[in-house]
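# A look at the structure
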Amino acid sequence: MDIVHDRAVGMDISKRDAKVCLRVPGKRAGTYTTTVTTWGATTGQILQLREFLEAERVSTVVMEATSDYWKPFFYLMEETLPVVLVNAKAARNIPGRKTDVSDAAWLAQLGAYGLLRASFIPPEPIRELRDLTRTRSIAIRDRTREIQRLEKFLEGSGIKLSSVVSELTGVSSRAMLEALISGERDPEVLASLAKGTLRSKIPQLVDALTGRFKEHHAFMARLHLDQIDAQSRIIDALTERIEAAMAPFRAAREFLATIPGVSLKVAEVIIAETGADMTVFETPGRLASWAGVCPGSNESAGRIKSSHILPGNKYLKAALGTAALSASHSKNTYLSAKYRRIAARRGPMKAIVALEHSILTATWHMLAEGECYADPGADHFNRLDPIKAKNSAIKKLNSLGYDVTIAPTAAA
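What comes next is a walk through the structure. (Residues numbered from 1 in each chain as written. Predicted model: local features only at pLDDT ≥ 70, side-chain atom pairs only at ≥ 80, totals over all residues. Heavy atoms only, no water.)

### Here's the deal with the overall build of the protein chain
Counting its secondary structure elements, the protein chain contains 16 helices and 7 strands. Taken along its principal axes, the extent of the C-alpha atoms in the protein chain is 90 × 75 × 45 Å. Of all 412 residues assigned to the protein chain, the portion counted as buried reaches 39%. A fraction of 60% describes how many contacts in the protein chain between residues 6 or more apart in sequence connect residues 24 or more apart. Summed over all atoms, the accessible surface of the protein chain reaches about 23,700 Å², with 53% contributed by carbon and sulfur. Treating the 55 positive side-chain charges of the protein chain as one cloud and the 45 negative ones as another, the clouds have centres 7 Å apart. (Helix = DSSP H or I, 4+ residues; strand = E, 2+ residues; numbered from the N terminus. Buried < 20%, exposed > 50% of the residue type's maximum accessible area, 1.4 Å probe, protein only. Contact = heavy atoms within 4.5 Å. Areas by Shrake-Rupley, 256 points an atom, 1.4 Å probe, with all protein chains shown as cover. Lys, Arg positive; Asp, Glu negative; His and termini not counted. Charge placed at Lys NZ, Arg CZ, Asp CG, Glu CD.)

### Description of the pairing of strand E5 (residues 83–86)
A two-sided burial pattern is seen for E5, the buried positions comprising Val83 and Leu85 on one face and Val84 and Val86 on the other. Here strand E4 (residues 60–64) pairs with E5 via 4 bridges, running parallel. Residue pairing for E5: valine 62 is matched across the bridge by valine 84. Following the chain from E4 across helix H2 (residues 70–77) to the adjacent parallel E5, one finds a crossover that is right-handed. (Pairing = 2+ DSSP bridges. Right-handed = clockwise from strand over helix to strand, strands pointing away.)

### Digging into helix H14 (residues 348–369)
Along its 22 residues, H14 runs 31 Å from first to last C-alpha, staying within 8% of the 32 Å computed at 1.5 Å per residue. Glycine 370, located one to two residues past H14, shows a positive phi value of around 70 degrees. (Expected span 1.5 Å × (residues − 1).)

### Structural notes on the pattern of salt bridges
For the structure on display, the rule yields 21 salt bridges. Between arginine 222 and aspartate 226 there is a salt bridge whose closest N-O contact spans 3.3 Å. One end of the pair, arginine 222, and the other, aspartate 226, are both in helix H8 (residues 215–245), 4 residues apart, so they sit about a helical turn from each other. Shared partners join several salt bridges into a network, and the residues in it are Arg136, Glu243, Arg250, Arg253, Glu254 and Glu268. (Salt bridge = Lys/Arg side-chain N within 4 Å of Asp/Glu carboxyl O.)

### Looking at the packing of aromatic side chains
Applying the stated rule across the entire model yields 8 aromatic pairs. Between phenylalanine 74 and tyrosine 75, the aromatic rings sit 6.2 Å apart at their centres with planes inclined by 80 degrees, giving edge-to-face as the arrangement. Classification of phenylalanine 74 as buried rests on a relative accessible area of 5%. In this structure tyrosine 75 comes out as partly exposed when scored by relative accessible area, which is 27%. Residues phenylalanine 120 and phenylalanine 281 carry aromatic rings whose centres are separated by 5.5 Å and whose planes lie at 65 degrees to one another, so their mutual orientation is edge-to-face. Here phenylalanine 120 is found in the loop between helix H3 (100–112) and helix H4 (124–156), whereas its partner phenylalanine 281 is found in the loop between helix H10 (264–274) and helix H11 (284–291), with 161 residues between them in sequence. Like phenylalanine 120, the residue phenylalanine 281 is buried in the burial classification. An aromatic cluster is defined as three or more aromatic residues linked by ring pairs; in this entry it consists of Trp70, Phe74 and Tyr75. (Phe/Tyr/Trp six-rings, centres within 6.5 Å; stacked < 30°, edge-to-face > 60°.)

### Some points on a positive patch on the surface
Side chains of Arg341, Arg345, Arg346, Lys350 and Lys388 sit close together on the surface and give a patch of like positive charge. The biggest single contributor to the positive patch is helix H13 (residues 334–346), with 3 residues. Classification of arginine 346 as exposed rests on a relative accessible area of 51%. (Patch = residues over 30% accessible without salt bridge, like charges linked within 9 Å, V, L, I, M, F, W, Y side chains within 5 Å.)

### Considerations on the sheet that holds E4
Picture the strands of a sheet paired through backbone hydrogen bonds; they go either parallel or antiparallel. Read across the open sheet, the 5 strands follow the order E3-E2-E1-E4-E5; overall the sheet is mixed. For this open sheet the edge positions go to strand E3 (32–40) and E5, each flanked by a neighbour on one side alone. This sheet shows a mean twist of 20 degrees between the axes of neighbouring strands, independent of strand direction. Relative to strand E2 (residues 17–25), strand E1 (residues 8–13) runs antiparallel, the two sharing 6 bridges. Note on E2: the bridge partner recorded for methionine 11 is valine 20. Against the sheet, helix H1 (residues 43–55) contacts E1, E2, E3 and E4, and its axis sits at roughly 160 degrees relative to E3. (Axes fitted to C-alpha atoms, helices over the stretch in contact; angles between N-to-C directions.)

### A word on H8
An α-helical turn contains 3.6 residues, so any two residues separated by three or four positions project in the same direction. Its 31 residues place the ends of H8 45 Å apart at the C-alpha level, agreeing with the 45 Å of an ideal helix rising 1.5 Å per residue. Those residues of H8 that fall on the buried side of the exposure criterion are His217, Ala218, Ala221, His224, Leu225, Ile228, Gln231, Ser232, Ile235, Leu238 and Ile242. The inward-facing, buried residues of H8 abut H4, helix H5 (171–182) and H10.

### What to know about unusual backbone geometry
Of note in this structure, arginine 57 is not a glycine but carries a positive phi near 55 degrees. Mapped onto the fold, arginine 57 is located in the loop between H1 and E4. For arginine 57, a relative accessible area of 58% corresponds to the exposed category. Its identity is not glycine, yet alanine 276 carries a phi of approximately 60 degrees, on the positive side. Mapping alanine 276 onto the fold places it in the loop between H10 and H11.

Take it as geometry only, folks, not as evidence of what the structure does.
Following this line, the structure appears as structure tokens:
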């Protein structure tokens, strides 16, 4: 096997330090020597390590993606050195011989032969946008959980407000909860705080607001509402910051939002996670594989052992899942027709993943080739094979007990 990098470095990184293996040519032709040293994980030590590796004229530096400990090393070294971050699963050492030192030497050897594929690390502006969108996703999830905790707690007081209203944090619901916390216990007075169309449900609200709400419940409900408000403020601050960070990508965001099911927030996540630069992914299939929305490949002796989707970018998959679920409920669109077609044969979960794949494929073409999204239409599959669609329709009518005779319509 040919050597790709004569002077390679492998790094096994932990929280406190890193084992660094330097692999360089030996005194005799065709031989190589390895030297393993330990360096601290502080910024000063990393800068000293960078100077050392620059002096050694290394052509590749390989490090594993271990938790978040690789980040200070990678971000400081990428400025002047050819750094490669690799998935730990792709660089496993020989079982029974695993130590930090041997791992570093193994990474250096694999890097020298060019056997490792670099992970996708976006540029700094995209990394900052990622931090914002991911933190907002976590804040939204935490806020949802806090609302669920409040709903469960109210059940213990006999207040069944969530059985009548669609949202506990709505204007009317919030006014009723605030009145309960303030000491109002009359269910008719509380129900009269309903606004808009909810006023038509005042009799149901009176029943739902009749309970045993005490001072303890008021104290706990206040804590839950304060937590919900705090999360709402965090979400608003992050959204404002994301809007400013999205300035260079607003055209792409509006572009992506034309796909059925893709909202502006979903488009922001897609841009933050992929970097909006499709040159990193040669084909739509590469992008789908990286995101984890295509079947895995596990075949041996002609038998397919498993085709489960692989773990990918969880934030991107979550956003695509939201978009796919929304698209499946849309009307007269290609994606909704595809969902119904696959769900009938393979089930709703596989149909959702198929829609995620289609959305990501459309995203690749739109961002890579500048194409506008053109919906093929809900009748796309019928147009692909009209004879099959006709026979299927006749077969369904026959199964319902109808004898059908058809004739083509006159041309307009």
